[in-house]
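As a plain string of letters, each chain reads:
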Amino acid sequence: MRPTGCAVPTRDEGTPEDLLPRLDKLVAKYRELIANDPANKVIGEPEDYYRLYDRADVERLANSPQVAEPQTPDEWMIPIAKKLNLDKVKFPLILVNEYGWNIFRMSASATLALNDLPNAHVHTDTLVKQVTPITDGDEVQSWQINYQRNEHDGKSQQINVDFLINASGFRTGVIDDMAGVDVTRMVEFKASYVTHWSPEKMGGLMPELIIHGTRGTPHGMVQLTPYPDGNFQIHSMNHEVTLFPDGLAKLEQDGDKPSNQPRLKDDYRRYIDSDWTGEDDQPILDARSQKAIEQVAEFVPSFASATVVGKALYGGQQIPGEDDTLRVADMSVYKDKRYARAENVKASSALQASDVVVDALAEIGLLAMSSDAERDEHRWDYLAKYNVNDIDRVAYLTATARQFPTAMGGVNRDFIS
Ligand SMILES: Cc1cc2nc3c(=O)[nH]c(=O)nc-3n(C[C@H](O)[C@H](O)[C@H](O)COP(=O)(O)OP(=O)(O)OC[C@H]3O[C@@H](n4cnc5c(N)ncnc54)[C@H](O)[C@@H]3O)c2cc1C
């Protein structure tokens, strides 16, 4: 739970003031959400959502001692004031009360919730090979899914389902092709890199830091995201770091028929399928990680001492529609086909997508609705049963299994003993 500092570089054509209308819009929306339900007040008071710091404020804070575990906005601002090259940015700087959403902990929550539901069966290490509608006249009654568990055992199995939800990430088009549903989309390969900065050099916890810039240009946005124990994830939205040459794939013909699945370049598919660990591939990952460190160090000079961890958070990102500058989630429900597609551009889009699916299932009589209040307030049984230590344990196991620094899942290790 740490805020995010935003800075506009002196070289950028924009100004910090350009960001204010968006921030004010968010404040108004947050205020409205709290008025609807006080339980929505999870990131402090709306009037504290963002704060501006002019150069004199920042220079004053630069002379204050850094705090190991900052609590107030000013305390969070001290590391930025001390470490940022103040001649490279425009003022005011902006501190926004946006926390991080740790992917390992989100995965842990989902795992615990699903384990607890007797009707949910998660088949990992399982590949869907074909989906076939079972029809009565023109109406789809159910779907048959053919799948293969464990790519080495080779045996094909099948299951029949009343309703099929396609949420296959950047490969959503493969299932759309099987289902015979046409849609326009693009897919983009991109990567962020894990680096490590010694906690002594950091001098205490850091906020997230965003240096604005235009995506796809050499001076695209730089984003430094802190994780526990000195681990940092870096995005830098230029082609040397996060974006890739020919990384954006559009729809093409598949033989003589159009396909719904954009085809990423073979190298990028290999990175995704082989965990980016090929003999010739690791040097590319390390070189991009080092470049990421250098691009942060342009603004935070002491970050030059950070080191490459040799891991990335990366993949194909789906872009519904035809405009790659407009990245909005798409949820499409084909009730007569008993089929839905969730294109989750951001992880948080999954919440909205599941609400739409639940409504559709209720409407076609496949689900008895729980009360709206129960859904709106996210009153899930598993929340009463598990606590932060359970999340720590599962997040730790996930980070370890995927060979990321284990601290990226969280730092509480009491459960290990
Ligand atoms: C580099 C990068 C950084 C990102 N940063 C952020 C961020 O900071 N914040 C944020 O909110 N979002 C971020 N995103 C986007 C976020 O990762 C996605 O929105 C989210 O993962 C989508 O979730 P999903 O479950 O819909 O799809 P996915 O997470 O892609 O999951 C789809 C699953 O379907 C499986 N699958 C596909 N085809 C088949 C098949 N035929 N048979 C069986 N299984 C199949 C895949 O293996 C995969 O496990 C980022 C994405 C990338 C690539």
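Treat the numbers as computed from the prediction; the structure is a model and nothing was measured.

### Considerations on the sheet that holds strand β6 (residues 156–161)
Phase 1 of the analysis: Strand order across the open sheet formed by three strands is β4-β5-β6, with antiparallel pairing between neighbours. Since the sheet does not close on itself, it has two edges, and those belong to β4 (126–136) and β6, each with one partner. In this sheet, neighbouring strand axes are inclined to one another by 25 degrees on average, regardless of whether the strands run parallel or antiparallel.
Phase 2 of the analysis: As paired strands, strand β5 (residues 139–149) and β6 are joined by six bridges and run antiparallel to one another.

### Here's the deal with the domain arrangement of the protein
Phase 1 of the analysis: According to the domain assignment, the protein consists of domain 1 (1–95) and domain 2 (122–348).
Phase 2 of the analysis: Taken over C-alpha atoms, the centre of domain 1 sits 29 Å from the centre of domain 2.
Phase 3 of the analysis: Each partner contributes residues to the interface: domain 1 has 23 residues there, and domain 2 has 17 residues.
Phase 4 of the analysis: Looking at the side of domain 1 that touches domain 2, the elements that each hand over two or more residues are β1 (4–7) and α3 (73–83).

### As for the site of the ligand
Phase 1 of the analysis: The environment of the ligand is formed by 21 residues, the closest being V128, S168, G169, N344 and A347.
Phase 2 of the analysis: Contributions of two or more residues to the shell around the ligand are made by β4, β8 (185–196) and β15 (307–320).
Phase 3 of the analysis: Taken together, the residues of the shell around the ligand sort by class into ten nonpolar, eight polar and three charged.

### Side note on helix α9 (residues 349–363)
Phase 1 of the analysis: Helix length check: α9 (15 residues) gives 21 Å between terminal C-alpha atoms against 21 Å at 1.5 Å per residue, within 8%.
Phase 2 of the analysis: Turning to α9, its buried residues number three or more, namely A353, A360 and L361. All buried residues of α9 lie within an arc of 100 degrees about the axis, which places them on one face of the element. Within α9, the exposed residues directed more than 90 degrees away from the buried face are L351 and E363.
Phase 3 of the analysis: The inward-facing, buried residues of α9 abut β16 (330–334) and β17 (339–343).

### Looking at the nonpolar core
Burial of nonpolar side chains together is a common tendency in soluble globular proteins.
Phase 1 of the analysis: Among the nonpolar cores identified, the biggest contains 49 residues, and A7, M77, L93, L95, V296 and A395 are the most heavily contacted of them.
Phase 2 of the analysis: Domain assignment of the residues forming this core places at least three in each of domain 1 (1–95) and domain 2 (122–348).
Phase 3 of the analysis: Excluding residues that lie within four positions of it along the chain, L93 makes contacts with G5, A7, Y53, V58 and I80.
Phase 4 of the analysis: One finds W143, V333, Y339 and A360 within the second-largest nonpolar core, a separate group that totals 14 residues.

### Here we look at the sheet that holds β16
Phase 1 of the analysis: Across the sheet, three strands lie side by side as β7-β17-β16; this open sheet has mixed pairing. The sheet is open, and its two edges are formed by β7 (164–166) and β16, each paired on a single side. Here the average twist between neighbouring strands, direction ignored, is 10 degrees.
Phase 2 of the analysis: Taken together, the three bridges between β7 and β17 define a ladder with parallel strand orientation.

### A few points about the packing of helix α2 (residues 55–62) against α3
A pair of packed helices is captured by two measures, namely the crossing angle of their axes and the spacing between those axes.
Phase 1 of the analysis: Contact geometry of α2 with α3 gives a least axis separation of 8 Å together with a crossing angle of 90 degrees. Considering their axes alone, α2 and α3 lie roughly perpendicular with respect to each other. From α2, V58, L61 and A62 reach across to α3, where they touch D74, M77, I78, A81 and K82.
Phase 2 of the analysis: Residue classes in the contact of α2 with α3 are distributed as six nonpolar, no polar and two charged.

### A short note on unusual backbone geometry
For residues other than glycine, phi is negative in most cases, and the peptide bonds are mostly trans.
Phase 1 of the analysis: Note that the residue after F91, namely P92, is joined by a cis bond; omega there is 5 degrees.
Phase 2 of the analysis: Mapped onto the elements of the fold, P92 is located in the loop between α3 and β3 (93–96).
Phase 3 of the analysis: Despite not being glycine, D229 has its phi angle at roughly 60 degrees, a positive value.
Phase 4 of the analysis: Counting through the fold element by element, D229 comes out in the loop between β10 (222–226) and β11 (231–236).
Phase 5 of the analysis: Residue classification places D229 among the partly exposed positions, given that 13 C-beta atoms sit within 10 Å.
Phase 6 of the analysis: Even without being a glycine, D246 presents a positive backbone phi close to 55 degrees.
Phase 7 of the analysis: Along the polypeptide, D246 turns up in the loop between β11 and β12 (248–249).
Phase 8 of the analysis: The exposure class assigned to D246 is exposed, which follows from the 11 C-beta atoms found within 10 Å.

About the criteria used
Residues numbered from 1 in each chain as written. Predicted model: local features only at pLDDT ≥ 70, side-chain atom pairs only at ≥ 80, totals over all residues. Pairing = 2+ DSSP bridges. Helix = DSSP H or I, 4+ residues; strand = E, 2+ residues; numbered from the N terminus. Axes fitted to C-alpha atoms, helices over the stretch in contact; angles between N-to-C directions. Domains from an automatic or database assignment. Contact = placed C-beta atoms within 7 Å. Near = placed C-beta within 6 Å. Nonpolar A, V, L, I, M, F, W, Y, C, P; charged D, E, K, R; others polar. Expected span 1.5 Å × (residues − 1). Buried ≥ 20, exposed ≤ 12 C-beta atoms within 10 Å, placed from the backbone. Arc of directions from axis to C-beta. Core = buried A, V, L, I, M, F, W, Y, C linked by C-beta atoms within 7 Å. Parallel < 35°, antiparallel > 145°, perpendicular 65-115°, else oblique.

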